[in-house]
Amino acid sequence: MKKVKNDIKLESTIFIRSWKIIVFLLLILVEILIGVINRNNAFFEIAAWQVEVPVFAVLTIENAVKMWGIRSQKAKIPFYVFDTLALIVLTLFTDGDLVSTLYIVILSEFYLTEERMTANIAMGASSVALFLIASAISGALLEGGVDVLALVSNAFNDLIIIVFHFLILNLSLQIYRKNREITKAYNELHASNEMLSNAYRELQEVTALEERQRIAKDIHDTAGHSITTVIMQTEAAKLILDTQPQEAKRRIAAANLQAKHALEELRESVHLLSGYSQQFTLKEELENIIHDSSDGTDISFRYEIEEITICDAKRRFLCNSLKEGIANGLRHGDATAFWFELKSEANRILFLLSDNGKGSELSAMSEGFGLSGMHSRAESLGGEVWFHTEKDEGFEIHITLPQDGI
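What counts, and where the lines are drawn
Residues numbered from 1 in each chain as written. Predicted model: local features only at pLDDT ≥ 70, side-chain atom pairs only at ≥ 80, totals over all residues. Heavy atoms only, no water. Helix = DSSP H or I, 4+ residues; strand = E, 2+ residues; numbered from the N terminus. Buried < 20%, exposed > 50% of the residue type's maximum accessible area, 1.4 Å probe, protein only. Areas by Shrake-Rupley, 256 points an atom, 1.4 Å probe, with all protein chains shown as cover. Core = buried A, V, L, I, M, F, W, Y, C linked by side-chain atoms within 4.5 Å. Contact = heavy atoms within 4.5 Å. Salt bridge = Lys/Arg side-chain N within 4 Å of Asp/Glu carboxyl O. Pairing = 2+ DSSP bridges. Axes fitted to C-alpha atoms, helices over the stretch in contact; angles between N-to-C directions. Parallel < 35°, antiparallel > 145°, perpendicular 65-115°, else oblique. Left-handed = near helix turned anticlockwise from the far one by under 90°. Expected span 1.5 Å × (residues − 1). Arc of directions from axis to C-beta. Polar contact = N/O pair within 3.5 Å; in protein donor to acceptor, adjacent residues only side chain to side chain. Right-handed = clockwise from strand over helix to strand, strands pointing away.

## What to know about the overall build of the protein chain
The number of helices and strands found in the protein chain is 10 helices and 7 strands. Each of the 406 residues in the protein chain was classed as buried or not, and the buried ones make up 40%. Looking at the protein chain as shown, the accessible area adds up to about 23,200 Å², and 61% of this sits on carbon and sulfur atoms.

Structure below.
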């Protein structure tokens, strides 16, 4: 943004400097022309060149100082007063020939450096008045009187030129300045868009990194926990295989189901890392989990699932919670039947998983890794989790989450 402002300022400075050089060269050219055309004039037996040469020299030096040595318009006022006096003197010794052109050249410098239109109008009007006054003084001294009609008639062409010069130059300058402002605004907007684009790309990179870190943590926590549980279940089954074959069989089935869930979690995490998105709805994913858990087993499942559209983070949480709840019911509660319900009610998503396991006293229940992880994950999504259980009355998992955008 700062570079854009500096570029616009530099462009404006180059424009003004270039035109100052042109105006200064025109000043010298007009002075030479006036001197050549009026070389034989005289005023009260004083040769015109005797006055014109020193006036031209001082006028040239004074305008050079004014253009490149003085920046403040207020500080230039004495210089403009001198310009006016010099022009009056030149009017007396030149019969007014080309003096109007000298007015125009000097006015051009003022218009170039003054951006306020009111100041330019005031300067233009006062210059017309001074030109008429100088012409009147010249006529009075040379002819002994002032004929107003003759004065206006003689100066009419010069006045038209001064007025047209004012209109054309100021209109051109206003167009240039407005175009410069538009260009400046456009460049600043472009620079702002570039900054926003860079910030957005950085945000995307940070978000992607945070998402990868979260997925890596999920892999470490959920899949690692599931695989550890599988190992413990199979080890326990080995120890009781000969003495309690039915219990060993149940433990192996639970371990097999846990291994399936762990594999699904790993696959889902890999898909997320690779940017692959499954095209299943939430209802379809939950039904697939239920079917995978019950197919080929003695587990009975009843369920009611509404079609709900939610973000990926909530979707993964609900799917993982269902897997964790089924695995816990089999592993710890010896459950053989489950009831699952998911519905939307009053801008909330309601999750219920109930089993017919042996349950326990709620006060004596110890939350393991999976259940405690549900609490923290639900809170991060703006929801809550609670459990209900009684001895020999099964176990219930209740989850509520806000709908997206709530």
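The rest of the description comes next.
## Concerning the nonpolar core
One finds Leu-27, Leu-102 and Tyr-111 to be the most contacted residues of the largest nonpolar core, which totals 38 residues. Residue assignment for this core shows that the elements contributing at least two residues are helix 1 (2–37), helix 2 (48–68), helix 3 (77–94), helix 4 (99–113), helix 5 (117–143) and helix 6 (148–240). For this core, the leading source of residues is helix 4, giving 10 residues. With residues up to four places along the chain from it excluded, the contact list for Leu-27 reads Leu-59, Thr-60, Asn-63, Leu-102, Val-105 and Ile-106.

## Digging into the pattern of salt bridges
The final tally for this structure, using the stated rule, is 10 salt bridges. A salt bridge links Glu-285 to Arg-315; the shortest N-O distance between them is 2.6 Å. With Glu-285 in helix 8 (residues 282–294) and Arg-315 in helix 9 (residues 312–331), this pair connects stretches of sequence that are 30 residues apart. Taken individually, Glu-285 and Arg-315 each receive the classification buried, so the pair is uniform in this respect. A salt bridge links Glu-345 to Lys-343; the shortest N-O distance between them is 3.8 Å. In this structure Lys-343 comes out as partly exposed when scored by relative accessible area, which is 24%.

## A closer look at the pairing of strand 5 (residues 348–355)
Taken residue by residue, a regular strand's side chains alternate between the two faces of the sheet. Burial analysis of strand 5 places 6 of its 8 residues in the buried class, the great majority of the element. Pairing of strand 4 (residues 337–345) with strand 5, which is carried by 8 bridges, proceeds in the antiparallel orientation. By the bridge assignment for strand 5, Glu-345 is matched with Arg-348. Here strand 4 hands over to strand 5 after 2 residues, with Ala-346 in that stretch at a positive phi of 55 degrees. In the sheet, strand 5 pairs with strand 7 (residues 395–402) via 8 bridges, with the strands oriented antiparallel. The residue bridging Leu-353 from the neighbouring strand is Ile-397, located in strand 7.

## Overview of the packing of helix 3 against helix 4
Each pair of packed helices gets described by two things: the angle between the helix axes and the distance between those axes. Relative orientation of the contacting elements helix 3 and helix 4 amounts to 165 degrees, with a least axis distance of 10 Å. Of the possible angle classes, the one that applies to helix 3 and helix 4 is roughly antiparallel. At the point where helix 3 passes helix 4, the crossing takes the right-handed sense. Of the residues in helix 4, those touching helix 3 at Tyr-80, Asp-83, Leu-87, Leu-90, Thr-91 and Thr-94 are Val-99, Leu-102, Tyr-103, Ile-106, Glu-109, Phe-110 and Thr-113.

## What to know about helix 8
Over its 13 residues, helix 8 runs 19 Å from end to end, which matches the ideal 18 Å to within 8%, given 1.5 Å per residue. Residues of helix 8 that are buried include every one of Leu-282, Glu-285, Leu-286, Ile-289, Ile-290, Ser-293 and Ser-294, and no others. Taken end-on, helix 8 shows its buried residues confined to a sector of 160 degrees, consistent with a single buried face.

## Considering the side chain of His-165
The residue His-165 is located in helix 6 in this model. Here Ser-108 takes part through its side chain, which lies 2.8 Å from a polar atom of the side chain of His-165. Excluding residues that lie within four positions of it along the chain, His-165 makes contacts with Ile-104, Leu-107, Ser-108, Tyr-111 and Asn-170.

## What to know about the pairing of strand 3 (residues 300–305)
Looking at chain direction, strand 3 and strand 4 are connected through 6 bridges and run parallel. Each bridged residue has a counterpart across the sheet, and for Phe-301 the counterpart in strand 4 is Phe-338. A crossover links strand 3 with its parallel partner strand 4, the connecting element being helix 9, and its sense is left-handed.

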